[in-house]
Amino acid sequence: MNAPTTRRLTVAQALVEFLARQYTERDGRRHRLIQACWGIFGHGNVAGLGQALLESGAASHQGATPGPPVLPYLQGRNEQAMVHAAVGYARQCDRLSAQAVTTSIGPGATNLVTGAALATVNRLPVLLLPGDVFATRPADPVLQQLEVPSAGDISVNDALRPVSRYFDRVTRPEALIPAALQAMRVLADPVDTGAVTLALPQDVQAEAYDWPVEFFADRVWRVPRPAPDADALADAVRAVRAARRPLVVAGGGVHHSEAEDALCAFADATGIPVASTQAGKGSLRHDHPADVGGIGHTGTATADALAREADLVIGVGTRYTDFTTASSTLFAGPGVRFVNLNIASFDAHKLGAASLVADARAGLEALTKELSGHRVDAEYESAYRAAKAGWERRVDAAYAAEDASARPSQTQVLGALDAVVDDTDVIINAAGSLPGDLHKLWRARSRRQYHLEYGYSCMGYEIPAAIGVRLAAPDRPVWALVGDGTYLMNPTEIVTAVQEGINITLVLIQNHGYASIGGLSRATGGERFGTDYRFRAEDGTYTGAPLPVDLAANAASLGMQVFRAATVGELRAALAEARGANRPTCVYVETETADTVPGAPEAQAWWDVPVAETATRPAAVAAREVYDRHTAGRRRHL
């Protein structure tokens, strides 16, 4: 008897089975492309994707099992947070494995938008499967439907279009086949990847169709390592050989390509110093002689001084954001030129660069080979190594806390954590004053230890991302570093970590407000308006006593084990105990607000935040004078 050529399944059942059989492959290693599906169910997906996940065996199989592959299900508490968890997972997996997120229609779907923007800005894959209104329109409008009088084919899911790298609405069962294939193509493509949205009308999800069996065959999406063009490579080699003060700027593409060893070999062979963006930090170990630390507005004095004097900047896997370029004021050498190695042509051509459109590892290996025998001048190498040593002494001073009975500063919190972790730990952060402190001070020990989401800098990312990282790397200690402002934005996934036994550690720093934006407000003439968490004073401003909010008690109420640390000594003990804990744990510490972070000189690392051109308050008038001086130093690199 001939084998059947079709299978009758609902659209949701077909999609779940299809997703469970998708794989990526790079360097001969195969990975599940869609490893699991997060979901919160409502009327828009409960009888479609919810039923399909249950039918597939996801309820009883949470990992690799004998027999046909299934798509494990993970329960979340907030739709945005589920996307953050999936993004953290994908980043830890070098973009070779991702997760899906399903929601109902209405607010469940619109809650995805922030997470989708974060994924796409950071070029990290996540598959979004929001429910949608009826395609057949038996009742119009339905619950939570947005009515647009000028168009009948718009729903709230259209808000996901500008933040998705691929978007489709599956209004007929047979339309799922091309839509699903295109979705996988984009997710697996290192150039195009980001958020991918397949909007699924709730009636279509439950509709049956006779699917070709080939749709459910194992499918492998190969992730290539394209080599640089020979002529472009020759141009880049000539530029490097001619440079006297070259500098590498390592971005997130180094990590995504697993190019750290290739970068190390390049630096060892040429002696060219390596600075890193937030996404690229850890591309070299902190103690490598050529590693000069973070670059840009939150960079080290060493890296920023080298950047200002560089005659050639070699960007590897970087997007050159305004923090990296200090709003186009940092690369100030009179004849500075750029060579950009990037898998995306869009990024490779930035700053008028000679572009090497290639995989970061393949490109670095080719450059190292063609530059055989070339090395920077010994005096240049000696000078930046001496500057690096000087900066490390400043880090030591920032970390030091001689009085163990005193309340710690934020930098001393980092120093205490630095003393506890080893190469296996992962440090996660995204927003507030911590990213600047970490970029300047953190001593990254391994390629995936430093996990900063600074493309979108989204408050509330850290806790769910820590869950995603721990799912991807269950044997690595994972720390989510958050301030009180970020914690209040999105603590709900603590419940998920507790429910699933996902052992993350939260370091919760209480400083009674938005420390980062408060400092920026002060610098731009805003006088910290609206940035402190305090009672109103008699003059109507928020300058009264701190609010009596107990965030440690809140974390405990959500199921975490909590250690309170009032002093440096208590903090050291709490961090050590938390690292060895076998359940989700929080270390709560209130910090001194004094700034103890060593910084690059202001002129080296400016950030353009426009200041009021006309004002009567003296603080704003003074800030505008400073702003006008800095804008004069901006330049176009053409």
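What counts, and where the lines are drawn
Residues numbered from 1 in each chain as written. Predicted model: local features only at pLDDT ≥ 70, side-chain atom pairs only at ≥ 80, totals over all residues. Heavy atoms only, no water. Helix = DSSP H or I, 4+ residues; strand = E, 2+ residues; numbered from the N terminus. Rg over C-alpha atoms; globule rule 2.2 N^0.38 Å. Buried < 20%, exposed > 50% of the residue type's maximum accessible area, 1.4 Å probe, protein only. Axes fitted to C-alpha atoms, helices over the stretch in contact; angles between N-to-C directions. Parallel < 35°, antiparallel > 145°, perpendicular 65-115°, else oblique. Left-handed = near helix turned anticlockwise from the far one by under 90°. Contact = heavy atoms within 4.5 Å. Nonpolar A, V, L, I, M, F, W, Y, C, P; charged D, E, K, R; others polar. Patch = residues over 30% accessible without salt bridge, like charges linked within 9 Å, V, L, I, M, F, W, Y side chains within 5 Å. Areas by Shrake-Rupley, 256 points an atom, 1.4 Å probe, with all protein chains shown as cover. Salt bridge = Lys/Arg side-chain N within 4 Å of Asp/Glu carboxyl O. Core = buried A, V, L, I, M, F, W, Y, C linked by side-chain atoms within 4.5 Å. Pairing = 2+ DSSP bridges. Disulfide = S-S within 2.5 Å. Expected span 1.5 Å × (residues − 1). Polar contact = N/O pair within 3.5 Å; in protein donor to acceptor, adjacent residues only side chain to side chain. Arc of directions from axis to C-beta. Lys, Arg positive; Asp, Glu negative; His and termini not counted. Phe/Tyr/Trp six-rings, centres within 6.5 Å; stacked < 30°, edge-to-face > 60°. Lys NZ or Arg CZ within 6 Å of the ring centre and 35° of its normal.

Chemist: Please explain the overall build of the protein chain as it appears in this structure.
Modeler: In terms of helices and strands, the protein chain carries 24 helices and 23 strands. Relative to its length of 638 residues, the protein chain is compact, with a C-alpha radius of gyration of 26 Å against a globular reference of 26 Å. By residue count, 57% of the 638 residues in the protein chain fall in the buried class.

Chemist: Please clarify how unusual backbone geometry should be interpreted in this entry.
Modeler: The amide bond that connects Asp140 to the next residue, Pro141, takes the cis arrangement and shows omega of 10 degrees. With respect to the helices, strands and loops of the structure, Pro141 is situated in the loop between strand E7 (126-132) and strand E8 (166-169). The phi torsion at Arg137 lies on the positive side, around 55 degrees, for a residue other than glycine. Counting through the fold element by element, Arg137 comes out in the loop between E7 and E8. Positive phi values are uncommon outside glycine, yet Ala326 reaches one of about 50 degrees. Judged by relative accessible area, Ala326 falls into the buried class, the value being 0%.

Chemist: Any chance you could explain the packing of helix H16 (residues 410-418) against helix H17 (residues 434-441) here in plain terms?
Modeler: How two helices pack is summed up by the angle between their axes together with the distance between the axes. Look at H16 against H17: their axes get within 11 Å of each other, and the N-to-C directions meet at 50 degrees. On the basis of their axis angle, the class for H16 and H17 is oblique. The handedness of the crossing between H16 and H17 comes out as right-handed. Two secondary-structure elements touch here, H16 through Gln410, Thr411 and Leu414 and H17 through Leu434, Asp437, Leu438 and Leu441. Residues of the contact of H16 with H17, tallied by class, amount to four nonpolar, two polar and one charged.

Chemist: When you look at a nonpolar patch on the surface in this model, what are you seeing that I'm missing?
Modeler: Together, Phe535, Leu547 and Val549 give the surface a local cluster of nonpolar side chains, amounting to about 230 Å² of exposed area. Structurally, Leu547 can be placed in the loop between helix H21 (515-523) and helix H22 (551-557).

Chemist: What's the story with the nonpolar core in this structure? I'm lost.
Modeler: One broad trend across soluble globular proteins is that nonpolar side chains are buried collectively. Judged by nonpolar contacts, the single largest core of 50 residues is most densely connected at Ile295 and Phe331. Ranked by the residues each element gives to this core, the list is headed by helix H8 (residues 230-242), at five residues.

Chemist: Just to check I follow, could you spell out the sheet that holds strand E11 (residues 219-222) for this structure?
Modeler: Pairing between sheet strands relies on hydrogen bonds along the backbone, with the strands arranged either parallel or antiparallel. Spatially, three strands are ordered E3-E2-E11 in an open sheet, and the strand pairing comes out mixed. Lying at the two open borders of the sheet, with one neighbouring strand each, are strand E3 (29-32) and E11. Between one strand axis and the next, the sheet turns by 35 degrees as a mean value, whatever way the strands run. Sheet contacts for helix H6 (residues 176-188): strand E2 (22-26) and E11; angle to E11, the most-contacted strand, approximately 35 degrees.

Chemist: Explain the sheet that holds E8 here, please?
Modeler: Ordered by their spatial adjacency, six strands build an open sheet running E5-E4-E6-E7-E9-E8, and the pairing between neighbours is parallel. Here the strands that pair on one side only, and so sit at the sheet edges, are strand E5 (73-75) and E8. Across the sheet, the mean angle from the axis of one strand to that of its neighbour is 20 degrees, orientation sign disregarded.

Chemist: Help me out: how do you make sense of the state of the cysteines in this one?
Modeler: Counted according to the given criterion, the structure contains zero disulfides. No disulfide involves Cys93; its nearest neighbouring cysteine sulfur is the one of Cys37, lying 16 Å away. This cysteine, Cys586, is not joined by any disulfide, and Cys458 carries the nearest cysteine sulfur, 20 Å off.

Chemist: Could you clarify how one ought to interpret the pairing of E7 in this entry?
Modeler: Looking down a regular strand, the side chains alternate between one sheet face and the other. Judged by how many residues are buried, E7 sits mostly within the fold: seven of seven residues are covered. In E7, alternate side chains face the same way, and those of Val126, Leu128, Pro130 and Asp132 on one face and Leu127, Leu129 and Gly131 on the other are all buried. With five bridges joining them, E7 and strand E9 (residues 195-201) adopt parallel strand pairing. By the bridge assignment, Val126 is partnered in E9 with Ala195.

Chemist: Sorry if this is basic, but what is going on with the packing of helix H1 (residues 11-19) against helix H2 (residues 46-56) here?
Modeler: As a packed pair, H1 and H2 sit with axes 8 Å apart at the nearest point and diverge in direction by 50 degrees. Considered as vectors, H1 and H2 are oriented oblique to each other. Where H1 crosses over H2, the two elements pack in a sense that is right-handed. Contacts from Ala12, Gln13, Leu15 and Val16 of H1 reach H2 at Gly48, Leu49, Gln51, Ala52, Leu53, Glu55 and Ser56. Class assignment of the residues belonging to the contact of H1 with H2 gives a composition of six nonpolar, four polar and one charged.

Chemist: In this structure, what is going on with helix H15 (residues 378-399)? I would like to understand it.
Modeler: An α-helical turn contains 3.6 residues, so any two residues separated by three or four positions project in the same direction. Compared with an ideal rise of 1.5 Å per residue, which puts 22 residues at 32 Å, H15 spans 32 Å between its outermost C-alpha atoms and is within 8% of the ideal. Those residues of H15 lying buried are Tyr380, Glu381, Tyr384, Lys388, Gly390, Trp391, Val395, Ala398 and Tyr399. In this structure, the buried side of H15 is in contact with strand E12 (246-250), strand E14 (291-294), helix H11 (301-309), H16 and H17. Two or three places before Glu379, at the start of H15, stands the capping residue Asp377, its side-chain oxygen 2.9 Å from that residue's backbone nitrogen.

Chemist: Is there a simple way to think about helix H10 (residues 260-270) in this case?
Modeler: Glu260, Ala262, Leu263, Phe266, Ala267 and Thr270 are the residues of H10 that are buried. Along the long axis of H10, the arc covered by the buried residues comes to 160 degrees, so they all point the same way. Looking at the residues trailing H10, positive phi occurs at Gly271, about 75 degrees.

Chemist: Got a minute to help me understand the side chain of Lys281 in this structure?
Modeler: In this fold, Lys281 is placed in the loop between strand E13 (274-276) and E14. Buried and unpaired, Lys281 has no salt bridge, with Asp291 as the nearest side chain of opposite charge at 5.9 Å. Side-chain polar atoms of Lys281 contact the backbone oxygen of Trp442, separated by 3.0 Å. Apart from residues lying up to four places away in sequence, Lys281 is in contact with His255, Ser276, Gly294, Leu438, His439, Trp442 and Tyr450.

Chemist: Just checking my understanding: could you explain the environment of Ala523 for this structure?
Modeler: With respect to the helices, strands and loops of the structure, Ala523 is situated in helix H21. By relative accessible area, Ala523 is classed as exposed at 55%. On a C-alpha basis, the gap between Ala523 and Val609 in space is 9.7 Å, while along the polypeptide they are 86 residues apart.

Chemist: What is the right way to look at the pattern of salt bridges in this model?
Modeler: This model, assessed by the stated rule, comprises 40 salt bridges. The salt bridge partner of Asp347 is Arg123, with a shortest N-O separation of 2.7 Å. Of this pair, Asp347 sits in helix H13 (residues 345-348) while Arg123 sits in the loop between helix H5 (112-121) and E7, and the two are 224 residues apart along the sequence. When its relative accessible area of 2% is taken as the criterion, Asp347 is described as buried. Residues Glu527 and Arg617 are paired through a salt bridge, measuring 2.6 Å at the closest nitrogen-oxygen approach. On the criterion of sequence distance, the pair formed by Glu527 in the loop between H21 and H22 and Arg617 in the loop between strand E23 (585-590) and helix H24 (618-631) is long-range, its members being 90 residues apart.

Chemist: Just to check I follow, could you spell out the packing of aromatic side chains for this structure?
Modeler: Inspection of every chain in the model, using the stated rule, returns twelve aromatic pairs. Pairing Phe323 with Tyr454 gives two aromatic rings, centres 5.3 Å apart and planes at 65 degrees, and the pair type is edge-to-face. Placement of the pair is Phe323 in helix H12 (residues 322-325) and Tyr454 in the loop between strand E19 (450-452) and helix H18 (462-472), with a sequence separation of 131 residues. Classification of Tyr454 by relative accessible area gives partly exposed; the value is 22%. On the basis of an interplanar angle of 75 degrees and a centroid distance of 4.5 Å, the ring pair of Phe323 and Trp607 is categorised as edge-to-face. Of this pair, Phe323 sits in helix H12 while Trp607 is found in the loop between E23 and H24, placing the two residues 284 residues apart along the sequence. Judged by its relative accessible area of 12%, Phe323 is buried. Aromatic ring contacts, followed pair by pair, group Phe18, Tyr209, Trp211, Phe215 and Phe216 into a single cluster. Note that Arg7 overlies the ring of Phe216, its terminal NZ or CZ placed 5.2 Å from the centroid. Sitting above the plane of the Tyr588 ring, Arg564 keeps its charged end 5.8 Å from the centroid.

Any link to function would need more than the numbers given here.
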